Amino acid sequence: MKTSLILVPFILFLCSCHTQNNPKYIGLEYGTLNLDNISFNENIDTLFSKIPYIRFTKTSNDLFRASNIDNDTLAFEYRVKKENQSKQLYYFLHEDLSDEMISFYSDKYKNLKAISFLISTKKKPIEIVDKIRKKYSDKEISLVPDKTLEMFNTKRLQWETDEKKFAINYSDTPVDGEFIIGLTIVKADIDPKEFPINNMVYESEICFDAKCKK
């Protein structure tokens, strides 16, 4: 009995620490969602259940621009409705990496698979990159230079952990005084053949195979 009494507060402490990582729902009244803490085990319908949102269906024809294949549903894209969007709803790792409009992608079974967004900031991109590198210094991978990106003076960096892969695109050349940074986060075990995320996002593609890695 005495052991049980000791364990109860310890278990409650563990539960409270877990729930403090991220709110269960998207909404200003529930706190800010740190996308760096996403486990991809979240129930996407629960996540969006307290805020107005729109959902887009991604079919085979949409993603592969072909009419000679079965037009099956492959994915869903969730976004908070424009009038409810806010930078205070979520960020990635640091408040400098946040935007009003963020896309969450699930497979056809509503399993969360990826998140992406694009931001404009007056901060130099290297300042944000340095913050990511501070936490993920040993997780950065070397990518083969992309000639198309280089034509537009754009760089791509990627990090990989046991839980996720994430990549950013950025240019050191400002547009109207601001720098553009694209971020895509995917579940680590995603299969790009079954879930072609690079056909859905434009913010930053993810390198999945050895062809694009050094």
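Just so you know, these numbers come straight off a predicted model, no measurement behind them. (Residues numbered from 1 in each chain as written. Predicted model: local features only at pLDDT ≥ 70, side-chain atom pairs only at ≥ 80, totals over all residues. Heavy atoms only, no water.)

1. A short note on the overall build of the protein
When its secondary structure is counted, the protein shows 5 helices and 10 strands. Considering the protein as a whole, with its 214 residues, one finds that 41% of them fall into the buried category. (Helix = DSSP H or I, 4+ residues; strand = E, 2+ residues; numbered from the N terminus. Buried < 20%, exposed > 50% of the residue type's maximum accessible area, 1.4 Å probe, protein only.)

2. So, helix H4 (residues 125-135)
If you check which residues of H4 are buried, you get Pro125, Ile128, Val129 and Ile132. For H4, the buried positions fall inside an angular range of 100° around the axis, keeping them on one side. Buried-residue contacts for H4 involve strand E6 (112-121), strand E8 (154-160), strand E9 (164-171) and strand E10 (179-187). (Arc of directions from axis to C-beta. Contact = heavy atoms within 4.5 Å.)

3. Comments concerning the side chain of serine 204
Residue position: serine 204 is located in the segment after E10. For serine 204, a relative accessible area of 1% translates into the label buried. In this structure the side chain of serine 204 is engaged in a polar contact, spanning 2.9 Å, whose partner is the side chain of asparagine 169. Residues contacting serine 204, with those up to four places away along its chain left out, are Arg156, Ala167, Ile168, Asn169, Gly182 and Thr184. (Polar contact = N/O pair within 3.5 Å; in protein donor to acceptor, adjacent residues only side chain to side chain.)

4. Description of the sheet that holds strand E7 (residues 140-141)
Strand order in the open sheet formed by 8 strands is E2-E3-E5-E6-E10-E9-E8-E7, and the pairing between neighbours is antiparallel. Of all strands in the sheet, those bounded by a partner on one side alone are strand E2 (53-59) and E7. Relative to E9, E8 runs antiparallel, the two sharing 7 bridges. The residue of E9 that forms the bridge with threonine 154 is serine 171. Against the sheet, H4 contacts E6, E7, E8, E9 and E10, and its axis sits at roughly 160° relative to E9. (Pairing = 2+ DSSP bridges. Axes fitted to C-alpha atoms, helices over the stretch in contact; angles between N-to-C directions.)

5. Structural notes on the state of the cysteines
Here is the idea: a disulfide is a covalent bond, and it sits between the sulfur atoms of two cysteines. If you walk through the whole model with that rule in mind, you get 1 disulfide. Here cysteine 207 is linked by a disulfide to cysteine 212, with a sulfur-sulfur distance of 2.0 Å. One disulfide, between cysteine 207 and cysteine 212, carries an S-S torsion of 95° and so falls in the right-handed class. We classify cysteine 207 as buried; its relative accessible area is 5%. The partly exposed category is assigned to cysteine 212, whose relative accessible area is 26%. (Disulfide = S-S within 2.5 Å.)

6. What to know about the packing of aromatic side chains
Taken as a whole, this structure holds 9 aromatic pairs when the rule is applied. Plain terms: the ring middles of tyrosine 136 and phenylalanine 166 are 5.2 Å apart, the flat faces sit at 65° to each other, and that makes the pair edge-to-face. Highlighted residues: tyrosine 136 in the loop between H4 and E7 and phenylalanine 166 in strand E9, separated in sequence by 30 residues. There is no split in this pair, since tyrosine 136 and phenylalanine 166 are both buried. Here the aromatic residues Phe48, Tyr53, Tyr78, Tyr90 and Phe104 are joined through ring pairs into a cluster of three or more. Over the aromatic face of tyrosine 25 sits the side chain of lysine 50, whose NZ or CZ is 5.0 Å from the ring centroid. (Phe/Tyr/Trp six-rings, centres within 6.5 Å; stacked < 30°, edge-to-face > 60°. Lys NZ or Arg CZ within 6 Å of the ring centre and 35° of its normal.)

By themselves, these figures tell us nothing about what the structure is for.
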